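# Fold and contact review
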Amino acid sequence: MIRRAGRVGGSGRAVVLFLAALLPLLAGAGQAQAVGYRYWSFWDLDGDRWTYATQGPSVARPADGDVQGFRFAVSEESDDSSQPRGAADFAGICAKTPAKDGSKRVALVIDFGTAEDAPSGETPPANRTACARVAPDASTAEALASVAEPLRYDNSALLCAIAGYPERGCGEQVSGTGTESGTGAPAPGKETEGGSEETVSPDSSDSSASGESGDDGGPSLGLFAGVAVVALLGAAAFWQVRRRG
């Protein structure tokens with residue numbers, strides 16, 4: 001009797017098709033859910049484009065004629081943060097605020113973000129611009145306080161709210177679906193009221209920032225279990241092919 005090698009019976013074909021359908025699902029299950037942070041980011045206008053600020057607002061000392069912006073959003077990394085929207089022109093923003101000896105003018109763009117990025121139960125106010133006239137040595141935080149009170153800070157002097165928004169929360173970690181994860185980890189690149197920006201990424205060794213539930217970007221337990229199942233099913237399919245060959 002001549003054996004025909006490599007011919008797969010009906011059961012063997014069913015197993016192979018099942019494996020082909022299962023592999024993409026397992027690959028998707030192994031990908032960690034995106035994690036971001038809901039916070040106020042701080043920006044400088046450089047020419048006609050926004051650049052992420054390298055100092056916190058209490059340290060930055062803007063010059064007369066500078067334009068600075070704040071944007072509330074959910075972002076994964078500081079360099080991926082959403083930029084302020086709307087007009088960003090010093091002449092237009094400060095047109096009704098004349099220059100005055102012994103002071104400087106700083107144009108501020110305050111973007112309260114979208115409804116999708118808002119904390120549960122809150123609605124973002126309309127975006128606004130303001131021209132702050134402050135002392136020559138005033139910081140951005142002082143300029144902001146002069147036009148957008150109340151400001152809110154947490155115990156670590158992190159800027160949590162501008163003009164009272166949001167009413168609660170401060171740099172909380174959220175899942176890829178926009179829901180709060182319940183951690184108080186500082187956002188990546190989030191500015192503090194008391195100094196330069198703090199940078200804590202989700203890959204930090206701090207468990208509150210990285211999360212110990214397998215959402216830190218590494219392979220999950222489910223992925224390893226899936227691979228084991230595929231290996232067992234593959235062995236079964238191979239055995240059936242050999243047996244029916």
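Remember, predicted model here, so these are calculated numbers, not experimental data. (Residues numbered from 1 in each chain as written. Predicted model: local features only at pLDDT ≥ 70, side-chain atom pairs only at ≥ 80, totals over all residues. Heavy atoms only, no water.)

The next thing to look at is the packing of aromatic side chains. Counted under the stated rule, the structure contains six aromatic pairs. Between Trp-40 and Phe-112, the ring centres sit 5.5 Å apart and the planes meet at 80 degrees, which makes this aromatic pair edge-to-face. Here the residue Trp-40 occupies a position in strand E1 (residues 35-46), and Phe-112 occupies one in the loop between strand E4 (104-111) and strand E5 (128-134), the gap between them amounting to 72 residues. Given a relative accessible area of 3%, Trp-40 falls into the buried group. Put simply, the rings of Trp-40, Phe-72, Phe-112 and Tyr-165 touch in pairs and so form one group of aromatic residues. (Phe/Tyr/Trp six-rings, centres within 6.5 Å; stacked < 30°, edge-to-face > 60°. Helix = DSSP H or I, 4+ residues; strand = E, 2+ residues; numbered from the N terminus. Buried < 20%, exposed > 50% of the residue type's maximum accessible area, 1.4 Å probe, protein only.)

Residues of strand E2 (residues 49-52) alternate between two faces, with Trp-50 and Tyr-52 buried on one and Arg-49 and Thr-51 left unburied on the opposite face. Sheet topology note: the E1/E2 ladder contains four bridges and is antiparallel. Each residue of the ladder has a partner; that of Leu-45, found in E2, is Trp-50. Hairpin remark: E1 followed by E2, antiparallel, with two residues in the connecting loop; positive phi at Gly-47, about 70 degrees. (Pairing = 2+ DSSP bridges.)

On to the confidence of the model for the protein, then. For the protein, per-residue confidence averages 75 on the pLDDT scale, and residues scoring 70 or more make up 57% of the total. In this model residues 1-8 is a low-confidence stretch, pLDDT under 50, and it forms five contacts with partners more than four residues away in sequence or in other chains. Every residue in residues 191-221 is under pLDDT 50, and counting partners more than four places away or in other chains gives 81 contacts. (pLDDT = per-residue confidence, 0-100. Contact = heavy atoms within 4.5 Å.)

So, about unusual backbone geometry. Along the chain, Glu-149 connects to Pro-150 via a cis peptide bond; the corresponding omega equals 0 degrees. Along the chain, Pro-150 turns up in the loop between helix H3 (140-147) and strand E6 (152-153). The peptide bond linking Tyr-165 to Pro-166 adopts the cis configuration, its omega dihedral lying at -5 degrees. For Pro-166, the position within the fold is in the loop between strand E7 (159-161) and strand E8 (173-175).

This part covers empty space enclosed by the protein. In this structure the tally under the stated criterion is one cavity of 30 Å³ or more. In this structure, the largest cavity spans a volume of roughly 40 Å³. In this structure, the largest cavity is lined by Arg-38, Tyr-39, Trp-40, Phe-72, Leu-159, Cys-160, Pro-166, Gly-169, Cys-170, Gly-171 and Glu-172. The element best represented in the lining of the largest cavity is E1, accounting for three residues. (1 Å grid on protein atoms, 1.4 Å probe; cavity = no way out; pocket = protein on both sides within 12 Å on 5 of 7 lines; lining within 4 Å. Points joined across faces, edges and corners; volume = space filled by probe spheres on them.)

Under the definition given, this model contains five salt bridges. Residues Glu-172 and Arg-38 are paired through a salt bridge, measuring 2.8 Å at the closest nitrogen-oxygen approach. A residue pair is termed long-range when its members are at least 10 positions apart, and Glu-172 in the loop between E7 and E8 and Arg-38 in strand E1 qualify at 134 residues. Exposure remark for Arg-38: the relative accessible area of 2% places this residue in the buried category. Salt-bridge contacts for Arg-71 lead to Asp-111; the nearest nitrogen and oxygen are separated by 3.6 Å. Here Arg-71, found in strand E3 (residues 67-75), pairs with Asp-111, found in strand E4; they are 40 residues apart in sequence, far enough to count as distant. The residues Arg-71 and Asp-111 share a single accessibility class, namely buried. (Salt bridge = Lys/Arg side-chain N within 4 Å of Asp/Glu carboxyl O.)

The next thing to look at is the state of the cysteines. Enumeration over the complete set of coordinates arrives at two disulfides. The partner cysteine of Cys-94 in its disulfide is Cys-131, sulfur to sulfur 2.1 Å. What sets the handedness of the Cys-94 and Cys-131 disulfide is the S-S torsion sign, and at about 100 degrees it is right-handed. Taken together, the positions of Cys-94 in the loop between helix H2 (90-93) and E4 and Cys-131 in strand E5 put the pair 37 residues apart, joining distant regions of the chain. (Disulfide = S-S within 2.5 Å.)

If you look at the biggest cluster of nonpolar residues, it comprises 21 residues, and the most contacted ones within it are Trp-40, Phe-70, Leu-108, Ile-110, Leu-144, Ile-162 and Tyr-165. Those elements that provide at least two residues to this core are E1, E3, E4, E5 and H3. Element by element, the count of residues in this core is highest for E4, at three residues. With residues up to four places along the chain from it excluded, the contact list for Tyr-165 reads Trp-40, Phe-72, Phe-112, Ala-118, Pro-119, Glu-122, Thr-123, Pro-124, Pro-125 and Cys-160. One finds Tyr-37, Trp-43, Trp-50 and Cys-131 within the second-largest nonpolar core, a separate group that totals 12 residues. (Core = buried A, V, L, I, M, F, W, Y, C linked by side-chain atoms within 4.5 Å.)

Another point: the environment of Leu-158. Mapped onto the secondary structure, Leu-158 falls in the loop between E6 and E7. When the C-alpha atoms of Leu-158 and Tyr-39 are compared, they prove to be 9.7 Å apart, with 119 residues separating the residues in sequence.

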